[in-house]
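Chain by chain, the residues run as shown.
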Amino acid sequence: MPQTLFDKIWDAHLVAKRADGRDLIYIDRHVLHELHAPHAFEQLQKQERPVRRPDLTFSMQDHTVATAPGRTDDTNPSGAAFLKAMREGSKRNGIKVFDLGDPEQGISHVVAPELGMVLPGATHAVPDSHASTVGGLGALAFGCGTSELAHILATQVMALKRPKRMRIRLDGRLAPHVTAKDVALRIIAELGVAGARGHVVEYAGSAVRDMPIEQRMTLCNLNIEMGGRSGFVAPDDSAFGWIAGRPYAPQGEMWDRALAHWRTLASDDAATFDREHTLDCSALEPQITWGTDPSQVLGISGRVPDPAGVEAGRRAAAESALAYMGLTPGMTLAGLKVDRVFIGSCTNSRLPDLQAAAAVVRGRRVADGVVAMVVPGSSTVKREAEAAGLDRVFRDAGFFWGESGCSMCAGGNGDRGEPGERCVSTTNRNFEHRQGAKVRTHLVSPETAAATAVTGRIADVRQLLSGHS
Amino acid sequence: MQPFTRHTGIAVPLLKDDINTDQIAPVLAMRALKPDYKALLFMRTRSEEPDFVLNQPQFREPGILVAGQNFGAGSSREAAVWGMLANNIRVIVARSFADIYRENCLQNGLLPVVLAPPDAEAFEARVLAANGAAPFTVDLVTQRISGPGGPDIAFELPAADRMRLHEGLDDIGLTLKHRDEIVSWEQRMASAQPWLQTAADNRT
């Protein structure tokens, strides 16, 4: 019977059916972070349960780490206890920690792929809803809570109900300065914040095939913002080439064997999906959120909707979003003054994201009155960006250039906006108060963020670069 | 995990869709390793909106939360469940739940109930009418909700989830009964796809 790639990976990882009917799915790589892992370590210690496969488990310090140069545990005072508990729990259980000061420290979803821990057809778990970022390489990744994290540590499996399958076909070709971020925001706008709940999404189509791996990761990263259980792109030569030679990836004869297997990883032509959705990407322009959830999205030339025209069930939410965001129906967002710009997070902090932003910033300056930050997704990205001179481009323009971590995405490290500020951000959630009390967040691509920083107003990067700003 | 058979308490109407875990458990309230989970629940909303439902005197001792679609969207943080339990909320009746949040509920003995749409509408109306004056009882064994304003309402939870909540089963213990199968999967994979069973740094 024809199978989807999701089914093939699931079946290959099915260890047993548990008495309660759940499938025990083996987790090939388990990546932890310090905001949640300490509680799981404590639970296991109380239960006197060992970690089953510390060799397949990695600890990252990312959520609470300060971004200031010369940072220590105490630079973000509330983070110190988390960092210490993470370090101790990992050491006690024999798990490698990518600690503060480690040259490869960074955001779990950025570090794991760049070090070659992520492999096509492998399963991953992270106690973080953006786990499926690594689906960009054809891995099947699940976000989980703290109890599930303890469960994986003790057993190396997850007890899951088999999700449904969904395919999103992205046809056409992206126009210049339109990115995977814009595509993902448009998909979420079309399907809604619960549109993929209970489903694993396979992203397919010509626009996906054309995307470099980092863009595919951005696409898969935002899968949770429409409630998806996981999301991935079937691996191809770009994925294999991207992984080759990375430190934790197979080498030599093992690489050849792995590659031969990876080439079989695709949905069968006749495989059926529970749901299908198609988006023609050719006409897409840069996208931006206007509201307080990631489905409230406009094209950059579009106008803020009138709640009266919004479907009844979403009307109250639209009204409340407009009030929070300080917007009025019918206005355009382009041209709106901003206070802060943030470039970073697991969504958009990889080297090509920073290169794209730097290309816009080069030769320009951050507008007066705007606080602009770039926080690389990993210490490796930071080093590579510095080697390419990108830090100089940003710094000379007046950007803060930080040490890597999650930073202003959720503000767990103290990086936050001030009340009432309008913040244009390359992150993944524009929820009320997420980037600071009463901060008004607009989600955009790195290029749109960069264009906004240098003009001081929400900008259409295409116009800026063509001289029509 | 505390077994769940029956829970009686004041039902609190929070009839909005897409309530996310940033609202339920704000990051700012999670700055300590062991925060005050009782205070953490909807901390910002409670402090900024005097009229917020949990601030109203009749809902100060909640037992059941009644919400809209996609409850618990967003971050996977389990504090958004622990905060409920610390406030003695052991049942959430929602139009639907976000996947990870529902899993976190089951892990902690917090009963996630979804009613058939006509029943949900009727139940929400009764909760609004009761306005905290009388409690509702949710019985997991009979799968019924009883309380003021009408007849019992039936709900369904998959048998497996019901058993797990009812017996307060240790999830890890349940899985470790399959230890032999885990070992044999690892052995099989070590020869079929050996790259999955090793994650060594090639440089060392």
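Helix and strand counts for chain A stand at 16 helices and 19 strands. Taken over C-alpha atoms, the radius of gyration comes to 21 Å for chain A, in line with the 23 Å a tight globule of 469 residues would show. Along the longest, intermediate and shortest principal axes, the C-alpha atoms of chain A span 60 × 55 × 45 Å. Evaluated residue by residue, chain A yields a buried proportion of 67% over its 469 residues. The contacts of chain A with a sequence gap of at least 6 include a subset with a gap of at least 24, amounting to 75%. Entry remark: accessible area of chain A is about 14,800 Å², with carbon and sulfur atoms responsible for 49%. A gap of 2 Å separates the mean positions of the 53 positive and 54 negative side-chain charges of chain A.

Another point: the overall build of chain B. Per the secondary structure count, chain B includes 9 helices and 7 strands. Overall size of chain B, expressed as C-alpha extent along the three principal axes, is 65 × 40 × 25 Å. In chain B, which comprises 204 residues, the share counted as buried stands at 58%. For chain B, contacts bridging at least 24 residues in sequence account for 66% of all contacts bridging at least 6. With an accessible surface of roughly 8,400 Å², chain B has 52% of that area assigned to carbon and sulfur atoms. The positive charge centre, built from 20 side chains, and the negative charge centre, built from 25, are 4 Å apart in chain B.

Take the sheet that holds strand E6 (residues 144-146) of chain B next. Residue and element names in this part refer to chain B. Spatially, E4-E3-E2-E1-E5-E6-E7 is the arrangement adopted by the 7 strands of the open sheet, whose pairing is mixed. If you trace the sheet from one side to the other, it starts and ends with strand E4 (111-113) and strand E7 (153-154), each paired once. Note that strand E1 (residues 6-14) and strand E5 (residues 136-139) share 4 bridges and pair antiparallel. Bridging across to E5, histidine 7 finds its partner in valine 138.

All names here are of chain B. Every buried residue of helix H7 (residues 159-167) is listed here: Ala160, Asp161, Arg164 and Leu165. Buried residues along H7 cover an arc of 125° about the axis, so they all sit on one side. At its buried positions, H7 is contacted by helix H5 (99-107), E4 and helix H8 (171-176). Trailing H7 by a residue or two, glycine 168 shows a phi angle of about 60°, which is positive.

On inspection of all chains with the given rule, the structure shows 45 salt bridges over all chains. For arginine 22 of chain A, the salt bridge identified is with glutamate 103 of chain B, shortest N-O distance 2.8 Å. Highlighted residues: arginine 22 of chain A in the loop between strand E1 (14-17) and strand E2 (23-26) and glutamate 103 of chain B in helix H5, drawn from two different chains. Like arginine 22 of chain A, the residue glutamate 103 of chain B is buried in the burial classification. Of the charged contacts, one joins aspartate 73 of chain A and arginine 87 of chain A as a salt bridge, the two residues approaching to 2.8 Å between their closest N and O atoms. Linking aspartate 73 of chain A in the loop between strand E4 (57-60) and helix H3 (80-92) with arginine 87 of chain A in helix H3, this pair joins segments that are 14 residues apart in sequence. One connected set of salt bridges, linked through shared partners, spans Asp7, Asp11, Arg162, Arg165 and Asp274 of chain A.

It is worth spelling out the packing of aromatic side chains at this point. Residue and element names in this part refer to chain A. On inspection of all chains with the given rule, the structure shows 14 aromatic pairs over all chains. Ring geometry for phenylalanine 240 against tryptophan 262: centres 6.0 Å apart, planes inclined by 20°, an arrangement best described as stacked. Remark: tryptophan 262 occurs in helix H10 (residues 252-262) and phenylalanine 240 occurs in helix H9 (residues 237-243); sequence separation between them is 22 residues. As far as the burial class goes, phenylalanine 240 and tryptophan 262 line up, both buried. Between phenylalanine 394 and phenylalanine 399, the ring centres sit 5.2 Å apart and the planes meet at 75°, which makes this aromatic pair edge-to-face.

Quick look at the interface of chain A and chain B now. Between chain A and chain B, the contact holds 80 residues from the first and 64 residues from the second. For the pair chain A and chain B, the summed buried surface comes to about 5,800 Å²; carbon and sulfur atoms form 53% of the total. In this assembly, chain A and chain B are joined by 12 salt bridges. Salt-bridge contacts for arginine 314 of chain A lead to aspartate 18 of chain B; the nearest nitrogen and oxygen are separated by 3.1 Å. Where chain A packs against chain B, one counts 35 residue pairs in polar contact (both at pLDDT 80 or more). Of all the secondary structure elements, the ones that give two or more residues to the side of chain A that touches chain B are E1, E2, helix H2 (37-46), H3, helix H5 (146-155), strand E8 (157-160), H10 and helix H11 (312-325) of chain A. Here the side of chain A that touches chain B takes 7 residues from H5 of chain A, the largest share from any one element. Its residues assigned to classes, the side of chain A that touches chain B shows 35 nonpolar, 21 polar and 24 charged.

All names here are of chain A. Among the structural elements, alanine 459 can be located in the loop between helix H15 (446-455) and helix H16 (461-465). In this structure, the C-alpha to C-alpha distance between alanine 459 and alanine 85, residues 374 residues apart in sequence, is 43 Å. Not counting residues up to four positions away in its chain, the partners in contact with alanine 459 are Ile300, Thr448, Ala451 and Thr452.

All right, on to the sheet that holds strand E10 (residues 199-204) of chain A then. Residue and element names in this part refer to chain A. Here 4 strands make up an open sheet; going across it, the order is E11-E10-E9-E12 and the pairing parallel. The open sheet has two edge strands, strand E11 (230-233) and strand E12 (275-280), and neither has a second partner. For this sheet, the mean angle separating the axes of adjacent strands, direction not counted, is 20°. Relative to E11, E10 is paired through 4 bridges, and the arrangement is parallel. Within the sheet, the bridge partner assigned to valine 201 lies in E11 and is glycine 231. With respect to the sheet, helix H6 (residues 180-191) is in contact with strand E9 (164-171), E10 and E12, its orientation differing from that of E12 by roughly 130°. Contacting E9, E10 and E11, helix H8 (residues 213-221) crosses the sheet at an angle of about 160° to E11.

A word on the packing of helix H4 (residues 79-86) of chain B against H5 of chain B. Residue and element names in this part refer to chain B. Between H4 and H5, the least distance of the axes is 9 Å, while the angle of their chain directions is 45°. Comparing their axes, H5 and H4 come out oblique. Here the hand of the crossing between H4 and H5 comes out right-handed. Note on element contacts: H5 touches H4 through Tyr101, Asn104 and Cys105, opposite Ala80, Val81 and Met84. Residues that form the contact of H4 with H5 fall into these classes: 5 nonpolar, 1 polar and no charged.

Right, let's talk about the state of the cysteines for a bit. Residues and elements named next belong to chain A. A full pass over the atoms with the stated rule returns 0 disulfides over all chains. Cysteine cysteine 144 remains unbridged, with the sulfur of cysteine 346 as its closest cysteine sulfur at 15 Å. The class for cysteine 144 is buried, based on a relative accessible area of 0%.

On to the side chain of asparagine 70 of chain B, then. Following the sequence through the fold, asparagine 70 of chain B ends up in the loop between strand E2 (62-67) and H4. On the accessibility criterion, asparagine 70 of chain B (2% relative accessible area) is buried. Sequence-distant contacts of asparagine 70 of chain B, that is, excluding residues within four places in its chain, are made with Val193, Ala194 and Arg197 of chain A together with Asp18, Ile19, Ser96, Phe97 and Ala98 of chain B.

About the criteria used
- For every chain, the first residue of the written sequence is number 1, and numbering continues from 1 onward in sequence order.
- Following the order in which they are written, the chains are lettered starting with A and the ligands numbered starting with 1.
- It should be noted that, the model being predicted, local features are given only for residues of pLDDT at least 70 and side-chain atom pairs only at 80 or more, the latter also being counted only at that level, while totals for whole chains, interfaces and linings use all residues.
- Processing note: side-chain calculations cover all non-hydrogen atoms of the structure and skip hydrogens and water entirely.
- By definition, any uninterrupted DSSP run of H or I lasting at least four residues is a helix, any uninterrupted run of E lasting at least two residues is a strand, and each is numbered from the N terminus.
- Here the radius of gyration uses the C-alpha set of atoms, whereas the globule reference equals 2.2 Å times the residue count to the power 0.38.
- Think of it in three bands: with a 1.4 Å probe and only protein chains considered, a residue is buried below 20% of the maximum accessible area for its type, exposed above 50%, and partly exposed in between.
- Contacts between residues were defined by any pair of non-hydrogen atoms, one from each residue, lying within 4.5 Å.
- In short, Shrake-Rupley with a 1.4 Å probe defines the accessible areas, and a residue's cover is counted only from the protein chains shown.
- Only four residue types enter the tally: Lys and Arg on the positive side, Asp and Glu on the negative side, with His and both chain ends excluded.
- We put the charge of a Lys on NZ, of an Arg on CZ, of an Asp on CG and of a Glu on CD.
- Only strands that DSSP links by at least two bridges are regarded as paired with each other.
- Throughout, the arc means that of the directions going from the helix axis to the C-beta atoms.
- By definition, a salt bridge exists where a carboxyl oxygen of Asp or Glu is found within 4 Å of a side-chain nitrogen of Lys or Arg.
- Here the aromatic set is Phe, Tyr and Trp, taking the six-membered ring for Trp, and pairing holds for ring centres within 6.5 Å; pairs whose planes are under 30 degrees apart are stacked, those over 60 apart are edge-to-face, and all others are tilted.
- As used here, buried area is the combined drop in accessible area, with a 1.4 Å probe, of two parts when they are placed together.
- Here a polar contact is taken to be a pair of N or O atoms separated by no more than 3.5 Å, where protein atoms must pair a possible hydrogen donor with a possible acceptor and residues adjacent in sequence count only if both atoms sit in side chains.
- In this count, Pro and Cys sit with the nonpolar residues alongside Ala, Val, Leu, Ile, Met, Phe, Trp and Tyr, while Asp, Glu, Lys and Arg are called charged and the others, Gly among them, polar.
- Lines are fitted to the C-alpha atoms to define the axes, a helix being fitted only along its stretch in contact, and any angle between axes, read from their N-to-C directions, falls within 0 to 180 degrees.
- Roughly parallel here means an angle under 35 degrees, roughly antiparallel means over 145, roughly perpendicular means 65 to 115, and every remaining angle is called oblique.
- If you view the pair so one helix is near and one far, a crossing is left-handed when the near helix is turned anticlockwise from the far one by less than a right angle, and right-handed when it is turned clockwise.
- In plain terms, two cysteine sulfur atoms within 2.5 Å form what is called a disulfide here.

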